[in-house]
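Okay, here's what each chain looks like letter by letter:
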Amino acid sequence: MSLLPAAAPEPLRFAYWVPNVSGGLVTSTIEQRTDWGYDYNRELAVLAENSGFDYALSQVRYMASYGAEFQHESTGFSLALLLATERLKVIAAVHPGLWHPGVLAKFGATADQLSKGRFAVNVVSGWFKGEFTALGEPWLEHDERYRRSEEFIRALRSVWTEDHAELAGDFYRIRDFSLKPKPLNTPERPHPEIFQGGNSTAARAMAGRVSDWYFSNGKDFDGVTEQIGDVRAAAADAGRRVRFGLNGFLIARDTEAEARDVLREIVAKADTEAVHGFGDAVKQAGRSAGDGKGMWQDSSFEDLVQYNDGFRTGLIGTPEQIAERIVAYKRLGVDLFLLGFLHYLEEVEYFGKRVLPLVRELEAQLPDEERVSGPGSGPVSGPGFEPGPGPVSGPVSLRS
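Calculation rules
- Residues numbered from 1 in each chain as written.
- Predicted model: local features only at pLDDT ≥ 70, side-chain atom pairs only at ≥ 80, totals over all residues.
- Heavy atoms only, no water.
- Axes fitted to C-alpha atoms, helices over the stretch in contact; angles between N-to-C directions.
- Helix = DSSP H or I, 4+ residues; strand = E, 2+ residues; numbered from the N terminus.
- Parallel < 35°, antiparallel > 145°, perpendicular 65-115°, else oblique.
- Left-handed = near helix turned anticlockwise from the far one by under 90°.
- Contact = heavy atoms within 4.5 Å.
- Nonpolar A, V, L, I, M, F, W, Y, C, P; charged D, E, K, R; others polar.
- Pairing = 2+ DSSP bridges.
- Core = buried A, V, L, I, M, F, W, Y, C linked by side-chain atoms within 4.5 Å.
- Buried < 20%, exposed > 50% of the residue type's maximum accessible area, 1.4 Å probe, protein only.
- Polar contact = N/O pair within 3.5 Å; in protein donor to acceptor, adjacent residues only side chain to side chain.
- Patch = residues over 30% accessible without salt bridge, like charges linked within 9 Å, V, L, I, M, F, W, Y side chains within 5 Å.
- Areas by Shrake-Rupley, 256 points an atom, 1.4 Å probe, with all protein chains shown as cover.
- Salt bridge = Lys/Arg side-chain N within 4 Å of Asp/Glu carboxyl O.
- Expected span 1.5 Å × (residues − 1).
- Phe/Tyr/Trp six-rings, centres within 6.5 Å; stacked < 30°, edge-to-face > 60°.

*Asks:* So what's going on with the packing of helix 11 (residues 319-332) against helix 12 (residues 344-364)? Which residues, and what values?
*Replies:* Their axes nearest at 9 Å, the elements helix 11 and helix 12 cross at an angle of 50°. Considering the angle they form, helix 11 stands oblique to helix 12. The two elements helix 11 and helix 12 cross, and the hand of that crossing is right-handed. Residue-level contacts link P319, E320, I322, A323, E324, I326, V327 and K330 of helix 11 to Y350, F351, R354, V355, L358, V359, L362 and E363 of helix 12. Residue composition of the contact of helix 11 with helix 12, by class: 11 nonpolar, no polar and 5 charged.

Dropping the structure here:
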């Protein structure tokens, strides 16, 4: 008998990158009408939840790097946004090695209680060696970072769900630890949702074993199909189901030519020094993966201008083109899109008014078996579902 319950049809969900870090979502000197301060982000969060967004992800950065001169801490900022909204779920990015899972569990339980069950975490294994060494913390090689992250998640879930949590691991020790109050426990989620990023083999296997959601960097259809297949196989071996989130930088304009002109300008005005510096750092981190398949290993300069390969997802064009491409990704198994924008307030509102209604119309046309996000098979084209154009000049990360 399968351990996996039958999935009910669910609509696609949408999240946005919280700009709690200066510099915007592209490493470019192009104008970005956004702000990393709280007043701007509070207004944005209210607008986003009223525009159909389900989640927001607060980035984590502890020191200036690669165009990110200033940054607000992710967990405290997430709590502030939760208290400013009514429905939006806010995901705080956190680093094992800089947090103890029991301490984070305590913070998370309080944030979840105060927000009535809307707190979530994104466990980031880390690529920025300088942050760890500047704080006097040891820097682990790639696969060891993922071993630590897996242990961190097991500890976090244990503290959130058990009365007397115990763990004797290689990285963490928990002895008869009882957390009160615990986070809210509902039929929809027994504890705050646990997200995880990464593209490597170790990341995919870990997601299958312990995470609720797997975030991917920007990918085309083939890349998404490969990753979903690997994560689902690992999850099936563990008798689990893992949902899939995909990063994308969205440029929606009234005409395709306008959208592509914006992309060309972003890349033409790239901060070359910052992009190369970021690329050198993240590719070094990814190369240390056991099989050399870490994040950003095949990213071009153009890809890295949006530091999570967001241009690769191809969400660039008219509302109709973008909606068709989004639903084509759903047919491959994507459950959630994590979106970045150039001018947040204007473009989040435009997305809610012009793109999202088209997505819902196309979803309603899907056969019942394909309304469940993620059949993981079948074609991605056909009447009304042509994938749409990709980036301007071919493939053009999570900043966490």
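*Asks:* Describe in detail the sheet that holds strand 9 (residues 243-249), supporting the description with residues and values.
*Replies:* Around the barrel, 8 strands lie side by side as 1-2-3-4-7-8-9-12; this closed barrel has parallel pairing. On average, each strand axis in the sheet is tilted by 25° relative to the strand beside it, whichever way the strands run.

*Asks:* Explain the nonpolar core to me, using residue names and the numbers behind them.
*Replies:* Counting 106 residues, the largest nonpolar core has F14, Y16, F53, I266, I326, F337 and F351 as its most contacted members. Of the residues forming this core, the biggest block, 8 residues, is contributed by helix 12. Those residues in contact with Y16 that sit more than four places away from it in its chain are L44, A45, A48, F53, Y55, A56, L57, L88, L338, L339, F341 and Y344.

*Asks:* Hey, could you go over unusual backbone geometry for me, with residue numbers and the actual values?
*Replies:* Among all residues save glycine, negative phi is the norm, and among peptide bonds the norm is trans. At the junction of K180 and P181, the peptide bond is cis and its omega measures out at -5° in the coordinates. With a phi angle near 60°, K116 is a residue other than glycine that sits in the positive phi range. As for its placement among the helices and strands, K116 is situated in the loop between helix 3 (101-114) and strand 4 (119-123). Its identity as a non-glycine residue notwithstanding, D176 has a phi of 50°, on the positive side. Mapped onto the elements of the fold, D176 is located in strand 6 (residues 173-177).

*Asks:* Explain the packing of helix 5 (residues 142-161) against helix 6 (residues 201-210) to me, and be specific about the residues and the numbers.
*Replies:* A pair of packed helices is characterised by two quantities: the angle between their axes and the separation of those axes. Relative orientation of the contacting elements helix 5 and helix 6 amounts to 15°, with a least axis distance of 10 Å. With respect to their mutual orientation, helix 5 and helix 6 come out roughly parallel. Viewed along their axes, helix 5 and helix 6 form a crossing whose handedness is right-handed. Between helix 5 and helix 6, the contacting residues are H142, D143, Y146, S149, E150, I153, R154 and R157 on the first element and A202, A203, M206, R209 and V210 on the second. Partitioned by chemical class, the residues of the contact of helix 5 with helix 6 number 6 nonpolar, 2 polar and 5 charged.

*Asks:* Any details on the environment of R189? Residues and values, ideally.
*Replies:* Along the chain, R189 falls in the loop between strand 6 and strand 7 (194-196). A sequence separation of 23 residues divides R189 from D212, and the C-alpha atoms of the two residues are 9.9 Å apart. In this structure, R189 is in contact with D112, G117, R118, F119, P183 and L184, ignoring residues within four places of it in sequence. Among the polar contacts made by the side chain of R189, one reaches the side chain of D112 at a distance of 2.6 Å.

*Asks:* Go over a nonpolar patch on the surface with me, naming the residues and quoting the values.
*Replies:* A contiguous nonpolar surface patch, about 250 Å² in accessible area, is contributed by Y62, M63 and L135. With respect to the element layout, L135 can be found in the loop between helix 4 (129-134) and helix 5.

*Asks:* Describe the side chain of Q59, naming the residues involved and giving the relevant values.
*Replies:* Take Q59: it is sitting in the loop between strand 2 (55-58) and helix 2 (74-84). For Q59, a relative accessible area of 1% translates into the label buried. A distance of 3.4 Å separates polar atoms of two side chains, one belonging to Q59 and the other to Y307.

*Asks:* A description of helix 11 should follow, citing residues and the corresponding values.
*Replies:* An ideal rise of 1.5 Å per residue puts 20 Å on 14 residues; helix 11 measures up with 20 Å between its terminal C-alpha atoms. Summarising burial for helix 11: 12 of the 14 residues are buried, a large majority. Positioned one or two residues after helix 11, G333 has a phi angle of 125°, which is positive.

*Asks:* Can you break down the packing of aromatic side chains residue by residue, with the values?
*Replies:* Counted by the stated rule, this structure contains 21 aromatic pairs. A centroid spacing of 5.6 Å and a plane angle of 75° characterise the contact between F341 and Y344, whose relative ring orientation is edge-to-face. Residue classification places Y344 among the buried positions, given a relative accessible area of 0%. Grouped by ring-pair contacts, the aromatic residues F14, Y16, F53, F221, Y329, F337, F341, Y344 and F351 constitute a single cluster.

*Asks:* I'd like a rundown of the pairing of strand 9, residues and numbers included.
*Replies:* Taking burial as the measure, the 7 residues of strand 9 include 6 buried ones, the bulk of the element. In terms of strand pairing, strand 8 (residues 213-216) meets strand 9 through 4 bridges, oriented parallel. Paired with Y214 across the bridge in strand 9 is F244. Pairing analysis gives 5 bridges linking strand 9 to strand 12 (residues 336-340), with the strands arranged parallel.

*Asks:* Please set out the pairing of strand 2 residue by residue, giving values where relevant.
*Replies:* Here strand 2 shows a buried face lined by Y55 and L57 and a second buried face lined by A56 and S58. With 4 bridges joining them, strand 1 (residues 13-18) and strand 2 adopt parallel strand pairing. Within strand 2, the position partnered with V18 by the bridge is S58. Relative to strand 3 (residues 89-94), strand 2 runs parallel, the two sharing 4 bridges. Note that in strand 3 the partner of Y55 across the bridge is K89.

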